[in-house]
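Here's the letter readout for the chains.
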Amino acid sequence: MKTEDELNEQTIFLEVDCQLIEKFRDGRLTCISLDINESNQNYVLENVDGYLLLDIDKEPDTFHSCFFLNRGIFPYVIKRSLNFVGLNGGDDCCFAKIVNIEAVPGIRFNYHGPDQPIIEDPSGDSCVWELRFELVPVKEEPHYFLMRWNPSISSFTEKDYKRCVSNLNRGMFKLNWSIYDWQEAHRGDFFYMLRVGDNNAGIVFSGQFLSNPYPGDDWTETSNRKMYVDMLCMNPAESCARPRISLKKMQAAIPEIDWDKGHSGEVLSSDVVERLSELWDSDDYDSDDSEYVN
């Protein structure tokens, strides 16, 4: 678990309208608009690699961090430690994780100082970049769910898993998944993905729900309807045949749960989550090669 100081080092805190926070929490907005001005521009620059030039776009459904000068280095690179956004609405506040970053190059020019006009030059040494951050709220008291994956029957195959791991974006990938206990699930809740059905069973990645549950056709192609959630998948095991937490260790540490049986989308108690977190944070998940088969 990260300490408060570590989280603060990875977070930029912004003043926003409290009504915007409510829209962000319930999913009406997935991104937040930031109005850059003289009072906050220096703070922004201290937290993101680059030099602020100006704010042009104020669309209400986008998080528009600002426009940056990167002194001719192409493409612009986000500071790696910037992972969270803190939204402060006065009496209300919200903590959000940066899910994705889109960077679009704008005008290229020669930089002559912060108060000098920008004159477009295709061969200039600098560039203005437009950045858009996709965010998901980090809830103060989230639910935790156990999702289950059986590769032998799932539409998501081991080949799909390997493709996802080889194409990570900021160490993450996205999926949608059926959920049984959907009434208690909300955008911002967390989950563990448990592989079942063979000798490689165990937790293969964790993550966060990007959406509230929504109906869809049954992935098994029956006439039934199921509920699904969009998921942000984080910290995946390099090989799905070598889980982050083996089923054997989970059964020994938390024997009251029948881990290898049940539906996908089981709500976990706070006590179980605490013990799972301890197993997850341990450094010995890959120490016993005899537990797994290839």
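This one's a predicted model, so the numbers in the text were calculated from it and none came from an experiment. (Residues numbered from 1 in each chain as written. Predicted model: local features only at pLDDT ≥ 70, side-chain atom pairs only at ≥ 80, totals over all residues. Heavy atoms only, no water.)

Asks: Provide a residue-level description of the confidence of the model for the chain, including the pertinent values.
Replies: A residue-level look at the chain finds 70% of positions with pLDDT of 70 or above and a mean pLDDT of 76. Low pLDDT, under 50, characterises residues 51–66; the stretch is placed with 64 contacts to residues that sit more than four places away or in other chains. Note on residues 285–294: pLDDT under 50 across the span, and 21 contacts to partners over four residues away in sequence or across chains. (pLDDT = per-residue confidence, 0-100. Contact = heavy atoms within 4.5 Å.)

Asks: Could you give an account of the state of the cysteines, naming the residues involved and the relevant values?
Replies: Taken as a whole and judged by the stated rule, the model has zero disulfides. As a non-bridged cysteine, C164 has C233 as the owner of its nearest cysteine sulfur, 7.3 Å distant. (Disulfide = S-S within 2.5 Å.)

Asks: How would you explain the side chain of S264 if you had to name every residue and give the values?
Replies: Its location among the elements puts S264 in the loop between α5 (247–253) and β14 (266–268). Only 3.5 Å separates the side chain of S264 from the backbone oxygen of S178, close enough to count as a polar contact. Once you skip the residues sitting within four places of it in the chain, S264 turns out to touch L146, M147, R148, W177, S178, I179 and Y180. (Helix = DSSP H or I, 4+ residues; strand = E, 2+ residues; numbered from the N terminus. Polar contact = N/O pair within 3.5 Å; in protein donor to acceptor, adjacent residues only side chain to side chain.)

Asks: Let's hear about the nonpolar core: which residues, and what values?
Replies: In terms of nonpolar packing, the biggest core is built from 22 residues, with M147, L175, F191, M193, F205, F209 and M231 touching the most fellow members. When residues of this core are traced back to their parent elements, those giving at least two are β7 (144–149), α4 (158–166), β8 (172–178), β9 (190–195), β10 (202–209) and β12 (225–234). Here this core gets four residues from one element, more than from any other, and that element is β12. Setting aside its immediate chain neighbours within four residues, F191 contacts F145, M147, F205, S206, G207, Q208, F209, M231, L232 and C233. Counting residues in each nonpolar core, the second largest holds 18 residues, with A201, I203, W259 and W280 among its members. (Core = buried A, V, L, I, M, F, W, Y, C linked by side-chain atoms within 4.5 Å. Buried < 20%, exposed > 50% of the residue type's maximum accessible area, 1.4 Å probe, protein only.)

Asks: So, the pairing of β12: which residues are in play, and what are the values?
Replies: Of all ten residues making up β12, seven are buried, and the element is well covered by its neighbours. Judged from the seven bridges that link them, β8 and β12 form a sheet pairing that is antiparallel. Opposite W177, over in β12, you have V229 as the bridge partner. In this structure, β10 lies alongside β12, joined through four bridges in antiparallel fashion. Among the inter-strand pairings, F209 is bridged to a residue of β12, identified as M231. Relative to β12, strand β11 (residues 214–217) runs antiparallel, the two being bridged by four bridges. Of the residues in β12, the one forming a bridge with G216 is K226. (Pairing = 2+ DSSP bridges.)

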